[in-house]
Structures are given as structure tokens and as C-alpha cells.
Amino acid sequence: MTGGMVIPMNNAEDRILRVWTPILLRVILAAAVSLLSIGLLVSLRHSNSDYSSALETIRQSFASRPRPPESLLREIAEGNPIAIATLGLFVLTLVPLARVSFCFLLFLKQRSFVFASFTAYVLVGLILGMLLGRIG
Amino acid sequence: MLTLIVLLIGLALIAGFVGSLSGLGGGMFIVPALVIFAHVPMQAAVGASLMAVVATSAGASVAFVRDGWTNLKVAIVLECATVTGAIAGAFLAGLASTTVLESLFAVVMLQSAYFSLRKRDGDLPTSSDRLCRRLGLDGSFPGCNGSSVSYGVANLPGGAALMMLAGLMSGLLGIGSGALKVIAMDQIMHLPLKVSSATSNFMIGVTAGAGALVFLARGNVLPMVAAPVALGVTAGAIAGSKLLPYADVRWLRAGFVGALVLIALEMGWRALTGV
């Protein structure tokens, strides 16, 4: 803080963000990488195909169908490698959203309302974008 | 099957490495690499590229944020502009001509490549302008011998305007727009190139993450392609984030200019052929 007109994050917030953001990112990333690796290893165990037939198998598995959550969980329990990898991809996409949510909660807790409103705006925008289904 | 997975991981490793060093995200490299070298269908390559951008952002951000290369305050403020642009793009989709937008994008990339070549890295402001000072956007990055180098930030409205355009392009064309983000910070707001690259890496995951969720929920991502790509890109991005502090800025800028020209050519090709 360098004067009455200044409205920056304070040093404590900056320090918390620099310490906890990488930890948050690392934990979610580790979970995603574990699921993706398990999915690939299980798929290798079930497949002895060569390159071209493997690609063809993958093409055929691209059913372009959304998996309802209950169906996804059932397929994971059955050891379906595609379902396990899909869950890993879902977890991976949560990384940036979790980071924005974490920033919002931190700013709110620290009563840094200017930056809390910035992050709240981003969160609302992202949710709206997902509902519209065309962001990114 | 093993050959395919190893090839996908290898290609993604390179894309993640280059993407995290440049701040471009790796999406622009992964689509042609998957289609040309791995013969992956285009639709699957596009879905995998979105996942690649999220993985690059997450993998690289761990080290960049911890070591102080990412300007968190600048990222948070500019994300408002990016998200606004992306939502506007979502509403305008179908109304605006993609050919015109792709041509415009290609011209902006070429112009930015020209300005990047002319820019001298010694010309960094040491203090922020009034608005940036008010928001406390100035920062510092690790220098030699454990010291830290302070820098100022300028022209937030100009940077935010270009960020809004980056978001608009994301919403309309389905691209990450990492290049525009780096340009906004490097050339308009006068942040150091490495800080611009690290901050862009941090930001690109947000809009790409939302887009990837939509793609996944619709079933438009091929998991057995996207999974090895995400793993390779994450490893490449982590390696890139370790190298960035030691990278020579001149080589970094030269690589960035080369990438801008490639993007311009790709966008120009898309505008001309409609592919």
C-alpha cells in the first residue's frame, strides 16, 4: 500500500496466492494425471493392436455421445479405460475454474472487495459461457 | 496401440514445451501435429487441443506462480476483459463473418511480429502509470544472484481492449488466442516478455477450461487421443516452465515472432480455403 488512493491486493493476499495457488494446481493436476495414466494403462492391457487398427478402434470409440454422470461412474467401476480417461479429462478442466474460485474466496475473506468483484465477474462469465456452450 | 500412445505423448511433449515457453498455450501446434503426423481426425484433434491448452496452463503455472514470474494482479484484472470478449463472441457467433475475422487475425499477427522484431527489451518502464499504480499492478521478477527486478505496468485500457478482442476471437473462432494475450501485455502494457509469457500461460487455462468442459459434456473429445496429449503436454509445460527463467530473451522473442508468422499463415489459409 503506497497511499490513500491505492486499492491493490495487500502483501498477505499476494503471499497466500503465491503459496496456495501452486499447491491447488498441483493437487488437481496430480489427480488428473493419475486418472489419465490409469486409463491409458488399462487400455494398453486390453489391446494388442497395431498402429492403424488402434487408430481405427479409437475412431470407432468416438461416439460423439455425452456420458451422463451415473453412466460414467458405472463404466469406471467396470474398469472401462475410456471412462477412466474421460474422468481424468473432466478433473483437468476443473483446474482453472478451481483457481478462479479460490481467488474469489480468498479476496472475500480478506475483504479485498475490488479484486473479489473482478474474480466474481470472471466466475459468472465462465458459468454463463458454459451455459451458452460456446466459450473457448 | 503402444506406438500410437507414445507418438501422441511425444508430439504433445514438444507442443507443451513450446507452448509454455512462448505463452501461446500449445494449441496451435498440436492440431497440425496430430493431423499431419499421427493421422488423427481433425475433429478429435481440435478437442484434444483444447485439453492441451488447459494442461499447458496448469502445468506451467505451478512453477511460474511460485517463482514470481506470473503477475497475478494483472492476470485477474485482464481476465475480466477476456471473459467479456468471449461472452460477446458467443452471442455474435453466426452473425460475424469468420473469413473476415480470420483475415483480420492474420493481419494483426503479422503486424505484431513486425513490432516484436523492432522492440528493444531495455525499454521497460520502472514505474506504473496512474491507473495501474492505483490498482497496484506493478510487480517484480527473479533476477540474477537472488535479486528481484521491479517493473511498472502501463496502458491498462489498451491492454484490456486487446484482451477483449482475444476473448472475442476465442468465442467466435474457438481458438485460445494466447498470442494476442502476450502481445497485449508485452507490446501495449510494456510488461517484460517473460512475465507476459508466464501471465498469458496462467490466463489461457480459464477460457480454454470452460470451452473444454463444454466439449467434454457434449462428447466431442476423443478420450484416448486427448489423454496421452494431456499427459505429454503437462510434462512438456513443466519442463518449459523450468527453462524459462534461464532462456535468452532474444531467442525467446525470435521464437515468438516465428510462431506469430506461423499463426498468421494458418489463419490466412483458413480464411482463404474455409477449412
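Predicted model only: the values in this text are computed from it and were never measured.

Visitor: Where do I start with the overall build of chain A in this structure?
Guide: The number of helices and strands found in chain A is five helices and zero strands. Listing the helices and strands of chain A from first to last along the sequence gives α-α-α-α-α. Taking all 136 residues of chain A together, 41% fall into the buried category. Sequence-distant contacts in chain A: of pairs separated by 6 or more residues, those separated by 24 or more amount to 62%. For chain A, the exposed area adds up to about 7,200 Å²; of that, 66% sits on carbon and sulfur atoms.

Visitor: Before we go on, may I ask you to explain empty space enclosed by the protein in this structure?
Guide: Gaps between atoms show up when a probe of the same size as a water molecule is rolled over them. The full count for this structure, using the stated rule, is three cavities of 30 Å³ or more. Its boundaries defined by the atoms lining it, the largest cavity holds a volume of some 50 Å³. Lining of the largest cavity is provided by L25, V95, P96 and R99 of chain A together with V54, S57, A58, S61, F202 and G205 of chain B. Among the elements of the structure, α4 (81–109) of chain A together with α3 (42–67) and α9 (193–218) of chain B are those that each provide at least two residues to the lining of the largest cavity. Per-element accounting of the lining of the largest cavity gives the leading share, four residues, to α3 of chain B. Residues belonging to the lining of the largest cavity are distributed by class as follows: six nonpolar, three polar and one charged.

Visitor: What is the right way to read α4 of chain A from this model?
Guide: Turn by turn, an α-helix covers 3.6 residues, leaving residues three or four places apart pointing in a common direction. Residue and element names in this part refer to chain A. A rise of 1.5 Å per residue sets the reference length of α4, with its 29 residues, at 42 Å; its end C-alpha atoms lie 41 Å apart and thus fit the reference within 8%. If you look at α4, its biggest bend is around 35°, right at V95, and the proline P96 turns up within four residues after that. Sitting at the head of α4, N80 places a side-chain oxygen 2.9 Å from the backbone nitrogen of I82. Once α4 ends, the next one or two residues include R111, with phi positive near 55°.

Visitor: Would you explain the nonpolar core in this entry?
Guide: General note: in soluble globular proteins, nonpolar side chains tend to be found buried as a group. By size, the foremost hydrophobic cluster in this structure holds 112 residues, and its most contacted members are L34, M109 and V229 of chain B. Residue contacts for M109 of chain B: discarding those within four places in its chain leaves A179, L180, I183, L260, I263 and A264 of chain B. One finds V100 of chain A together with V83, A210 and L213 of chain B within the second-largest nonpolar core, a separate group that totals eleven residues.

Visitor: Explain the pattern of salt bridges here, please?
Guide: Between side chains of opposite charge, pairing is possible as soon as their charged atoms come close. Here the structure, examined in full by the defined rule, presents five salt bridges over all chains. A salt bridge links R74 of chain A to E78 of chain A; its shortest N-O distance comes to 3.9 Å. One salt bridge connects R99 of chain A with E79 of chain B, and the closest N-O pair in it is separated by 2.8 Å. Of this pair, R99 of chain A sits in helix α4 while E79 of chain B sits in helix α4 (residues 72–92), on two different chains.

Visitor: Explain α9 of chain B to me, please; I cannot follow it from the model alone.
Guide: All names here are of chain B. In a regular helix each residue adds 1.5 Å, so 26 residues correspond to 38 Å; α9 covers 37 Å between its end C-alpha atoms and thus fits that length. Of all bends in α9, the biggest is about 30°, found at A208. By the criterion of burial, α9 is predominantly enclosed, with 23 of the 26 residues buried. Taken from the residues just after α9, G219 is the one with a positive phi, measuring 80°.

Visitor: Help me understand the side chain of S43 of chain A in this model?
Guide: Inspection of the secondary structure assignment puts S43 of chain A in helix α1 (residues 11–45). Engagement of the side chain of S43 of chain A in a polar contact is seen with the backbone oxygen of L40 of chain A, the distance being 2.8 Å.

Visitor: Explain the pairing of strand β2 (residues 148–151) of chain B to me, please; I cannot follow it from the model alone.
Guide: The side chains of a regular strand alternate between the sheet's two faces. Here strand β1 (residues 139–142) of chain B pairs with β2 of chain B via four bridges, running antiparallel. Residue pairing in the sheet places S140 of chain B in a bridge with S150 of chain B of β2 of chain B.

Visitor: I'm lost on unusual backbone geometry in this one. Help?
Guide: It is generally the case that most residues other than glycine have a negative phi and that most peptide bonds are trans. Phi is positive for R111 of chain A, close to 55°, though the residue is something other than glycine. Along the chain, the position of R111 of chain A falls in the loop between α4 and α5 (113–132). The exposure class of R111 of chain A is exposed, given its relative accessible area of 62%. Its identity as a non-glycine residue notwithstanding, N155 of chain B has a phi of 50°, on the positive side. Counting through the fold element by element, N155 of chain B comes out in the loop between β2 and α7 (156–173).

Visitor: So what exactly am I meant to see when it comes to the packing of aromatic side chains here?
Guide: The description of two aromatic rings rests on the distance between their centres and on the angle between their planes. All names here are of chain A. Scanning all chains against the criterion turns up four aromatic pairs over all chains. Seen in terms of ring centroids, F115 and F118 are 5.5 Å apart; in terms of plane orientation they differ by 85°. Their pairing is edge-to-face. Here F115 pairs with F118, and both are found in helix α5, just three residues apart, close to one helical turn. Residue classification places F115 among the buried residues on the basis of a relative accessible area of 0%. Every member of this aromatic cluster is reached through a ring pair, and the members are F107, F115 and F118.

Each value, and the rule that gives it
All residue numbers refer to positions counted from 1 along the written sequence of the respective chain. For naming, the first written chain is A and the first written ligand is 1, with later ones following in the order written. Whole-chain, interface and lining totals are the exception, using all residues; otherwise, since this is a predicted model, local features are given only for residues with pLDDT of at least 70 and side-chain atom pairs are given and counted only at 80 or more. As a convention, hydrogens and water are excluded, and side-chain values are obtained from all of the structure's heavy atoms. Starting at the N terminus, helices and strands are each numbered in turn, a helix being any DSSP run of H or I of at least four residues and a strand any DSSP run of E of at least two. Summary of the burial criterion: residues with accessible area below 20% of their type's maximum are buried, those above 50% are exposed, and those between are partly exposed, where the area comes from a 1.4 Å probe applied to protein chains only. Note on definitions: a residue-residue contact is assigned when non-hydrogen atoms from the two residues lie within 4.5 Å. Working definition of accessibility: Shrake-Rupley area with a 1.4 Å probe, residue cover restricted to the visible protein chains. Cavity means a closed set of points on a 1 Å grid over the protein atoms alone, one where a 1.4 Å probe fits but cannot get out, pocket means an open set with protein on both sides within 12 Å along at least 5 of 7 lines, and lining means a residue has an atom within 4 Å of a point. Grid points are joined across faces, edges and corners, and a volume is the space filled by probe spheres set on the points. By the convention adopted, Pro, Cys, Tyr, Trp, Phe, Met, Ile, Leu, Val and Ala count as nonpolar, Lys, Arg, Asp and Glu as charged, and the other residues, Gly among them, as polar. Residue count minus one, scaled by 1.5 Å, sets the expected span of a helix. Take the seven residues that end at a residue and the seven that start at it, fit an axis to each, and the angle between those axes is the bend at that residue. In the analysis that follows, any N or O atom pair within 3.5 Å is treated as a polar contact, provided that within protein one partner can donate a hydrogen and the other can accept it, and provided that, for residues neighboring in sequence, both atoms belong to side chains. What is meant by a nonpolar core is a set of buried Ala, Val, Leu, Ile, Met, Phe, Trp, Tyr and Cys residues, joined one to another through side-chain atoms within 4.5 Å. Here, a salt bridge means any side-chain nitrogen of Lys or Arg that lies within 4 Å of a carboxyl oxygen of Asp or Glu. Two strands pair if DSSP finds at least two bridges between them. Geometry of aromatic contacts follows a simple scheme: Phe, Tyr and Trp rings, the Trp one being its six-membered ring, pair when their centres are within 6.5 Å, and the pair is stacked under 30 degrees between planes, edge-to-face over 60, tilted otherwise.

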